[in-house]
Amino acid sequence: MKQFIHVKTMDGELKRTEIRRGVGFRLTTKEMILLREDVSYHIYLDDILGVISREEDEAGIHQEKIGDTKVAHHFGAASYKIVATKLRMYNRSGMVERGSSTLFTQLSSGFSKQLLELLNA
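Residues numbered from 1 in each chain as written. Predicted model: local features only at pLDDT ≥ 70, side-chain atom pairs only at ≥ 80, totals over all residues. Heavy atoms only, no water.

> How do you make sense of the nonpolar core when you look at a structure like this?
Grouped burial of nonpolar side chains is what soluble globular proteins tend to show. Judged by nonpolar contacts, the single largest core of 19 residues is most densely connected at M32, I43, I48, I82, L103, L107 and L115. Elements supplying a minimum of two residues to this core: strand 2 (23–28), strand 3 (31–35), strand 4 (40–44), strand 5 (48–53), strand 8 (79–84) and helix 1 (109–120). Contact partners of L115, with chain neighbours within four places excluded, come to L27, M32, L45, I48, V51 and L107. One finds I5, I33, L35 and Y90 within the second-largest nonpolar core, a separate group that totals five residues. (Core = buried A, V, L, I, M, F, W, Y, C linked by side-chain atoms within 4.5 Å. Buried < 20%, exposed > 50% of the residue type's maximum accessible area, 1.4 Å probe, protein only. Helix = DSSP H or I, 4+ residues; strand = E, 2+ residues; numbered from the N terminus. Contact = heavy atoms within 4.5 Å.)

> Is there a simple way to think about the sheet that holds strand 11 (residues 101–106) in this case?
Through backbone hydrogen bonds, the strands of a sheet pair up, either in parallel or in antiparallel fashion. If you trace the three strands from one edge of the open sheet to the other, you get 5-8-11, paired in antiparallel fashion. Taken across any chain shown, the strands that pair with only one partner, and hence form the sheet edges, are strand 5 and strand 11. Sheet twist, expressed as the mean angle between neighbouring strand axes with direction ignored, is 20 degrees. Bridge count for strand 8 against strand 11 is six bridges, and the pairing is antiparallel. In the sheet register, V83 faces strand 11, and the bridge partner there is T102. (Pairing = 2+ DSSP bridges. Axes fitted to C-alpha atoms, helices over the stretch in contact; angles between N-to-C directions.)

> Whenever I open this one, helix 1 confuses me. Can you help?
Three- or four-residue spacings in an α-helix give side chains the same orientation, since the helix completes a turn every 3.6 residues. Taking 1.5 Å per residue, 12 residues should reach 16 Å; helix 1 reaches 16 Å between its end C-alpha atoms and fits that length. Here helix 1 has its buried residues at F111, S112, Q114 and L115. Across the axial projection of helix 1, the buried residues extend over an arc of 165 degrees, all falling on one side. Exposed and facing more than 90 degrees away from the buried side of helix 1 are S109, K113 and N120. Residues of helix 1 that are buried in the fold lie against strand 1 (14–20), strand 2, strand 3, strand 5 and strand 8. (Expected span 1.5 Å × (residues − 1). Arc of directions from axis to C-beta.)

> In this structure, what is going on with the sheet that holds strand 10 (residues 94–98)? I would like to understand it.
Read from one edge of the open sheet, six strands run 1-2-3-4-9-10, paired in antiparallel fashion. The sheet is open, and its two edges are formed by strand 1 and strand 10, each paired on a single side. When the angles between neighbouring strand axes are averaged without regard to direction, this sheet yields 15 degrees. Taken together, the six bridges between strand 1 and strand 2 define a ladder with antiparallel strand orientation.

Here it is in C-alpha cells:
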C-alpha cells in the first residue's frame, strides 16, 4: 500500500481521523486535511465559505477540464462540495496554494456533522 503525502504538522486539537477506501481525513479545531495517495488537500476552517451536500446540489457527475484532459467525478448521496477562499494542495513535487477553490469529496455522516459543528462554533 502506498503512503499518503505528508501535509504538515497539524494546528489545533485533533477531533477526528478516518481512513476509508484509500482516503484519509483529519479534522482539528482549526483545519481539515484530506489525504490521498497522489495529492492531499489542506484547508483552514476559517477559509471555508460553505459545505454543500450533493443532495442539495445537482446530483450525478461533475466534469472539469484540466489542461487537455476532461475529468469526471461521480458522486453518491454522501458527497459534499466544500467552497473555500484558500486551499493548499500537496503532491510529490511540493505544495501549491490556490485562491478561491471548490473541493468535491465524500464524507461520512459523523465527519460531516462534526465539521459543521466546528464551522458553526
